[in-house]
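Chain by chain, the residues run as shown.
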Amino acid sequence: MGGKAMIQAVIQAGGKGSRLSAITKNEIPKPMIDIWGKPLLKWQIETLKENGIQDFIIIVGHLGNVIMNYFGNGNKMGVHIEYIIEQRPLGTAGGLFYLKKFLKNRNFIFVYGDLLFDIDVNRMIEFHKKNKSVATLFVHPNSHPFDSDIVLLNENSKVVKFDFKNNMRNYWCDNKVNAGFFIFDVKICDLIKRPQNLAVERDVISILVKCGENVFGYQSTEYIKDVGTVERLTTVNKEFMTGLIKKRNLKNKQKCIFLDRDGTINRANGLIDTEDKLELEKGAIEAIGIINKSEYLAIVVTNQPVIARGNCTVKEVVNINNKMQTLLGKEGVYLDDIAFCPHHPDKGYLGENRMYKVNCNCRKPKIGMLVEMVEKYNIDLLQSWIIGDTTVDLQTGENAGLKKVLVLTGEAGEDGKYNISADFVEKNLLQAVKKIIGNKKYE
């Protein structure tokens, strides 16, 4: 068992699950669907217990007696369970009206009952406490951002906007999706004035954001997926079988494929200083999709001296990156994270379009961006790779102890800045990824 989290978990298990009616047959509630021989809700409780959580409050509604009869007071699982019974549907948030009398501590976990997850909860708790957050949302990239709620974060991971899935999106989106796993301060219960049908995101979190409260997004690459449809349930069962779910927990060392951007993922159209210049390389979508299905993370590390040159601002580079993520998201693939260096080797950078000489640690071939990602996602560099089109990328890999692949797109290694060889040379990103992972293993 993990260390004691000393925090209660509230599971919203009152949903009817109409999209899974072919499986539930109106005989069991959605959280009791079978995942590899156990009810989903049991997987949730066991995972949280592994993180030191032993005190649970389950909000039940439709067929709630099935849940209460199965788990009872939790003694058989070595936990303590209490129930809030909704006599009528109160949405995802209405049941919080009754919650305050059950809570023993200032903070509590709140999770939807249709999620399968395996995460290092204590990492998220530490993030929540460090930021003195009223609400912390688990956010992650996913393969279907266009039917998901997007969370817009600032550079400090504070939530600045909640963009609901039914909204018209006429901008390039950062693929940071609300997962349905939260840590709340008890004072959010005060927002629920009476038991009524309310939604956590629209009627609680959005109000907190508009009021300027400390609402933060905790970004992680760990496995968390809703099983609200037959298709997603099938996917979860397949991924369970591969062992991917457990491996993605950040308690475990992660493998990563670091990707250069210009000339590797997108075509080298000179200096990419406007969004219209960004065009994906042929095969890039398929390549990143293969990484998504593997044990590896897909993280971009890119030098962007266009900022120090004064060609564009940090905000504009972020928008260009968001275009890349939007194009990938439309095809059901995603990047786990993006890091970029705004410096110029001669001019440096400080603030929007202010230049001065600086000896930065992030500009490739230095490894500052990689170190940041290593700390964030517990990456094992010795089991990881870098793919790029320049000798700068190869030297970065050498400096970090990575295995290196040169692609013959972009500059194709002809920049001549470093005398260094790759472990492999491949035609493009797709061939490079297949070389690392194998042609068929994850297709």
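Here, the structure is the one placed above.
Residues numbered from 1 in each chain as written. Predicted model: local features only at pLDDT ≥ 70, side-chain atom pairs only at ≥ 80, totals over all residues. Heavy atoms only, no water.

The next thing to look at is the nonpolar core. Counting 87 residues, the largest nonpolar core has I45, L99, F110, F181 and F258 as the members making the most contacts within it. Apart from the residues lying within four places of it in its own chain, the contact partners of F258 are I299, V301, L370, M373, I379, L381, S384, W385, I386, I387 and L402. L259, I272, I291 and Y296 belong to the second largest nonpolar core, which has 30 residues in total. (Core = buried A, V, L, I, M, F, W, Y, C linked by side-chain atoms within 4.5 Å. Buried < 20%, exposed > 50% of the residue type's maximum accessible area, 1.4 Å probe, protein only. Contact = heavy atoms within 4.5 Å.)

Here the focus is helix α2 (residues 40-50). Along α2, the positions that sit buried rather than exposed are L40, L41, W43, Q44, I45, T47 and L48. Following α2 by one or two positions, G52 has its phi on the positive side, about 90°. (Helix = DSSP H or I, 4+ residues; strand = E, 2+ residues; numbered from the N terminus.)

Further remarks concern helix α10 (residues 368-377). Those residues of α10 lying buried are M369, L370, M373, V374 and Y377. Looking straight down α10, one finds its buried side chains confined to an arc of 140°; they lie on one side. On its buried face, α10 sits against β12 (215-219), β14 (255-259), β15 (296-303), β16 (337-341) and α11 (391-400). Following α10 by one or two positions, N378 has its phi on the positive side, about 55°. (Arc of directions from axis to C-beta.)

We now examine the packing of aromatic side chains. Overall, the coordinates contain 17 aromatic pairs when judged by the stated rule. Here F138 and Y218 contribute two aromatic rings whose centre-to-centre distance is 5.9 Å and whose plane-to-plane angle is 65°, an arrangement assigned as edge-to-face. Taken as a pair, F138 in strand β8 (residues 135-140) and Y218 in strand β12 lie far apart in primary sequence, 80 residues in all. By relative accessible area, which is 7% here, Y218 ends up buried. Centroid distance W385 to F424: 5.9 Å. Interplanar angle 25°. Geometry classified as stacked. (Phe/Tyr/Trp six-rings, centres within 6.5 Å; stacked < 30°, edge-to-face > 60°.)

Tallying each qualifying case throughout the model produces 25 salt bridges. Close ionic contact of D174 with K176 constitutes a salt bridge, the shortest N to O distance being 2.5 Å. Overall, the relative accessible area of 22% leaves D174 in the partly exposed class. The buried category is assigned to K176, whose relative accessible area is 13%. Where salt bridges share partners, they join E50, D118 and K246 into one cluster. (Salt bridge = Lys/Arg side-chain N within 4 Å of Asp/Glu carboxyl O.)

Taking burial as the measure, the 5 residues of β16 include 4 buried ones, the bulk of the element. Read from β15 through helix α9 (residues 314-330) to β16, the crossover connection turns out right-handed. (Right-handed = clockwise from strand over helix to strand, strands pointing away.)

With omega at 20°, the peptide bond leading from K364 into P365 counts as cis. One can find P365 in the loop between β16 and α10. If you check the backbone angles, N378 has positive phi at about 55° while not being a glycine.

The next thing to look at is the packing of helix α8 (residues 284-292) against helix α12 (residues 429-437). Look at α8 against α12: their axes get within 8 Å of each other, and the N-to-C directions meet at 20°. If you check the angle between α8 and α12, you find them roughly parallel. The way α8 lies across α12 gives a crossing that is left-handed. Across the interface between the two elements, A284, E286, A287, I290 and I291 from α8 touch L429, L430, V433, K434 and I437 from α12. (Axes fitted to C-alpha atoms, helices over the stretch in contact; angles between N-to-C directions. Parallel < 35°, antiparallel > 145°, perpendicular 65-115°, else oblique. Left-handed = near helix turned anticlockwise from the far one by under 90°.)

With that out of the way, let us pick up the sheet that holds strand β19 (residues 424-426). Spatially, β16-β15-β14-β17-β18-β19 is the arrangement adopted by the 6 strands of the open sheet, whose pairing is parallel. Strands with a single pairing partner mark the edges of an open sheet, and in this sheet they are β16 and β19. Within the sheet, the average angular offset between the axes of one strand and its neighbour, ignoring direction, is 20°. Packed on one face of the sheet, α12 meets β14, β15, β17 (385-388), β18 (403-407) and β19 and runs near 160° to β17. (Pairing = 2+ DSSP bridges.)

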